[in-house]
Amino acid sequence: MAENREKWGSRIGVILAVAGSAVGLGNFLRFPTKAVLNGGGAFLIPYFVALILLGIPLMWVEWTLGRYGGRYGHGTAPGVFQKLGKSKALKYLGVLGTLIPFLVLIYYMYIESWTLGYAFFSFTGELFTETNQETMKGFLNSYQGIGEGSSFTTALIFFTITFFTNFYFIYKGLQGGIEKLSKIGMPILLIIAVILAIRVLTLGTPDPTVPEQSINNALGFFWNPDFSQLTNAKVWIEAAGQIFFTLSVGMGMIITYASYLSDKDDIALSGLSSSSINEFCEVILGGSIVVPAVFVFFGAAGALSIAQTGTFNVGFVTMPLIFEKMPFGFVFSGLWFLLLFIAGITSSVSMIQPMMSFLEDEFKVTRKKATIVLGIISFLASLPAIFFIQHGFLDELDFWSATFFVVIFATIEILIFLFVMGINKGWEEMHIGSIIKIPSFYKFILKYVTPLYLIIMLVVWFYQQFIPIILLEGVDEIDKPYVWGARGLILFFILINTFLVYLAWKNNKKEEEGKL
Amino acid sequence: MTTGGIIFMAISWIFIWSLSGFCFYKMFKPQNKGKIGPRDVGM
């Protein structure tokens, strides 16, 4: 039993921390863009199907595995998986559970730092010297140090501030850092999101000469269903991908957070509560800000073409232009980027914690040492994503870690839950200390539907995308070395993480044997 | 906004409000507070 591990201070603290981990930039940027491009209101059908059959079951599985592992002093997948069975290979199946959050972290913190920089430039008014899509795009490029005659200085300053803020909360520990951040940050995030949603929904018809660009039509643009899209397999895959992305399942972070629960703490209601907070932020608030705002200022055709340019363009180029046109726009723009920063930091600290937990639990490293070591490594690892962003380095890291590995790891998790832990034991474990009884049909869903859903996703995805991506189809010749560089970095960290798992168990062999 | 759009928006909002409401009701229900234990003073 693990008596010396940290514990959460309150139930609301852990729920807000998990919700904070899930609520990120994707809720306010990625979801509305995906919905508009994939059938509007009709997109919500595959989206909710994926939530009920994939997202919520996986969430419960991760909470269950995490709390189980924490009981024995393991806060990451290698330790949790190994504790469940006798095969020595089990711990290596958990490598992705520490690797994915770390890989996402090294570029996510950089994107998060843009939101801080843009909040600063909104309040100072500097952002509002740009008046159209082209010059605002130029501002973003200049900020990133990739515009003509620009430097990396600004981006590096805000990245460094973001980096130290993240590691400050990590250094302060679970209750004093992450929990406090979530308890303060999440209510602020909700308040800002509500203010922005009200502002957007009360825009009316900003330009009376174009009456069709009204907020009523904007909501129609987002919600009117296009059922023809439902026959397209891509829409179902996109919806399932969004559920993965938004709930942060298949990444290993929830396992770590749940490992700090006490043995008899509820997980059924806590898991459902954190999912519901995330869905509230995504569908209710996320769906009421970006797309309606873009529509009333740019019209249907403009909004569609802007959505097609990607989420970063919507968030960092189009949204500032919209706020420029509003009275007190600098305040709303500042709030918008502050909202994204809070959403970002509550997610990024959760990405640091699995590796911290791994070092603390498996190597018995102190929090201070683990923070310093991990801080140095992640700072250095982030630099290529900053300097080579224009060559697709960041996109490549994002694809492998946040798109491909998460589905693989989720499949591993559910298979281990079903066949190593066993569905009956897992179901029983899920209900220890439970405030609610999970409906019994979920046992059937966990046993058959969720794994089948994941396997179908993987097969379809392999069939549609894997070969072109592996062969770098559509990638410019000049960018190919950088893309291979990103792949090399990923491979390097896979090997390092695997070796660390090997080393940890070698060092703790005697203790491990004693426990078994 | 078409009738279909209104229906989809209403169903989605009702579903999420109900889910959130259910969770908070269960969490803050007096008899469940007892199960939560002293660590939840912060709640």
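Just above, that's the structure.
Quick look at the structure, then. (Residues numbered from 1 in each chain as written. Chains lettered and ligands numbered in written order. Predicted model: local features only at pLDDT ≥ 70, side-chain atom pairs only at ≥ 80, totals over all residues. Heavy atoms only, no water.)

Concerning the overall build of chain A
Then comes step 1: The number of helices and strands found in chain A is 21 helices and zero strands.
Then comes step 2: Relative to the globule expectation of 24 Å for 516 residues, the C-alpha radius of gyration of chain A, 22 Å, shows essentially globular dimensions.
Then comes step 3: Taking the principal axes of the C-alpha coordinates as reference, chain A spans close to 75 × 50 × 45 Å.
Then comes step 4: Looking at chain A as a whole, 63% of its 516 residues qualify as buried.
Then comes step 5: For chain A, contacts bridging at least 24 residues in sequence account for 84% of all contacts bridging at least 6. (Helix = DSSP H or I, 4+ residues; strand = E, 2+ residues; numbered from the N terminus. Rg over C-alpha atoms; globule rule 2.2 N^0.38 Å. Buried < 20%, exposed > 50% of the residue type's maximum accessible area, 1.4 Å probe, protein only. Contact = heavy atoms within 4.5 Å.)

Comments concerning the environment of Thr135 of chain A
Then comes step 1: Mapped onto the elements, Thr135 of chain A comes out in helix H7 (residues 133–144).
Then comes step 2: Linking Thr135 of chain A and Phe245 of chain A, residues 110 residues apart in sequence, is a C-alpha distance of 31 Å.

Re the packing of aromatic side chains
Residue and element names in this part refer to chain A.
Then comes step 1: Under the criterion given, the structure shown has 60 aromatic pairs over all chains.
Then comes step 2: Between Tyr118 and Phe139, the ring centres sit 5.6 Å apart and the planes meet at 85 degrees, which makes this aromatic pair edge-to-face. Within this pair, whereas Tyr118 is found in helix H6 (residues 96–124), its partner Phe139 is found in helix H7, the two being separated by 21 residues in sequence.
Then comes step 3: Judged by relative accessible area, which is 0%, Tyr118 ranks as buried.
Then comes step 4: Centre to centre, the rings of Phe120 and Phe158 are 5.7 Å apart; their planes meet at 50 degrees, and the pair counts as tilted. Taken together, the residues span a long stretch of sequence, with Phe120 in helix H6 and Phe158 in helix H8 (residues 153–171) at a distance of 38 residues.
Then comes step 5: The class of Phe120 is partly exposed, set by a relative accessible area of 44%.
Then comes step 6: A residue is classified by how much of its surface remains accessible, and Phe158, at 10% relative accessible area, is buried.
Then comes step 7: Against the face of Tyr72 rests Lys83, its NZ or CZ located 4.9 Å from the ring centre.
Then comes step 8: The lysine or arginine in question, Arg487, covers the ring of Trp484, its NZ or CZ lying 4.8 Å from the ring centre. (Phe/Tyr/Trp six-rings, centres within 6.5 Å; stacked < 30°, edge-to-face > 60°. Lys NZ or Arg CZ within 6 Å of the ring centre and 35° of its normal.)

A short note on a nonpolar patch on the surface
Residue and element names in this part refer to chain A.
Then comes step 1: Together, Tyr92, Phe499 and Tyr502 line one region of the surface with nonpolar side chains, adding up to about 300 Å² of accessible area.
Then comes step 2: In this structure, Tyr92 sits in helix H5 (residues 90–93).
Then comes step 3: For Tyr92, a relative accessible area of 33% translates into the label partly exposed. (Patch = residues over 30% accessible without salt bridge, like charges linked within 9 Å, V, L, I, M, F, W, Y side chains within 5 Å. Areas by Shrake-Rupley, 256 points an atom, 1.4 Å probe, with all protein chains shown as cover. Salt bridge = Lys/Arg side-chain N within 4 Å of Asp/Glu carboxyl O.)

What about unusual backbone geometry?
Residues and elements named next belong to chain A.
Then comes step 1: You will see that Ser248, though not glycine, has its phi angle at about 60 degrees, which is positive.
Then comes step 2: Mapped onto the secondary structure, Ser248 falls in the loop between helix H11 (233–247) and helix H12 (253–258).
Then comes step 3: Residue Ser248 is classed as buried on the basis of its relative accessible area of 4%.
Then comes step 4: The backbone phi angle of Lys364 is positive, close to 55 degrees, even though this residue is not glycine.
Then comes step 5: Relative to the helices and strands, Lys364 is located in the loop between helix H16 (329–363) and helix H17 (367–387).

Remarks on the nonpolar core
Then comes step 1: In this structure, Phe28 and Trp336 of chain A are the most contacted members of the largest nonpolar core, which totals 196 residues.
Then comes step 2: Non-local contacts of Trp336 of chain A, meaning those with residues more than four positions away in its chain, are made with Phe28, Leu29, Leu196, Ile289, Val290, Gly315, Met319 and Phe323 of chain A. (Core = buried A, V, L, I, M, F, W, Y, C linked by side-chain atoms within 4.5 Å.)

Some details on the interface of chain A and chain B
Then comes step 1: On the side of chain B, 26 residues touch chain A, which itself brings 38 residues to the contact.
Then comes step 2: Between chain A and chain B the total buried area reaches about 2700 Å² when both faces are included, carbon and sulfur atoms providing 72% of it.
Then comes step 3: The interface formed by chain A and chain B contains zero salt bridges.
Then comes step 4: Inspection of the region where chain A meets chain B yields one residue pair in polar contact (both at pLDDT 80 or more). (Buried area = accessible area lost by both parts, 1.4 Å probe. Polar contact = N/O pair within 3.5 Å; in protein donor to acceptor, adjacent residues only side chain to side chain.)

Topic: the pattern of salt bridges
Residues and elements named next belong to chain A.
Then comes step 1: Counted according to the given criterion, the structure contains 13 salt bridges over all chains.
Then comes step 2: Its salt-bridge partner being Glu6, residue Arg367 comes within 3.1 Å of it at the nearest N-O pair. Separated by 361 residues along the polypeptide, Arg367 in helix H17 and Glu6 in the segment before helix H1 (11–22) bring together distant segments of the chain.
Then comes step 3: With relative accessibility at 13%, the residue Arg367 sits in the buried group.
Then comes step 4: Here Glu6 falls in the partly exposed class, since its relative accessible area comes to 28%.
Then comes step 5: The salt bridge involving Glu477 is made with Lys480; its shortest N-O contact spans 2.9 Å.

Things to note about the state of the cysteines
Here, the word disulfide means a covalent bond between the sulfur atoms of two cysteines.
Then comes step 1: Enumeration according to the criterion identifies zero disulfides over all chains in this entry.
Then comes step 2: There is no disulfide at Cys281 of chain A, and the cysteine sulfur nearest it, in Cys23 of chain B, is 13 Å away. (Disulfide = S-S within 2.5 Å.)

Take it as geometry only, folks, not as evidence of what the structure does.
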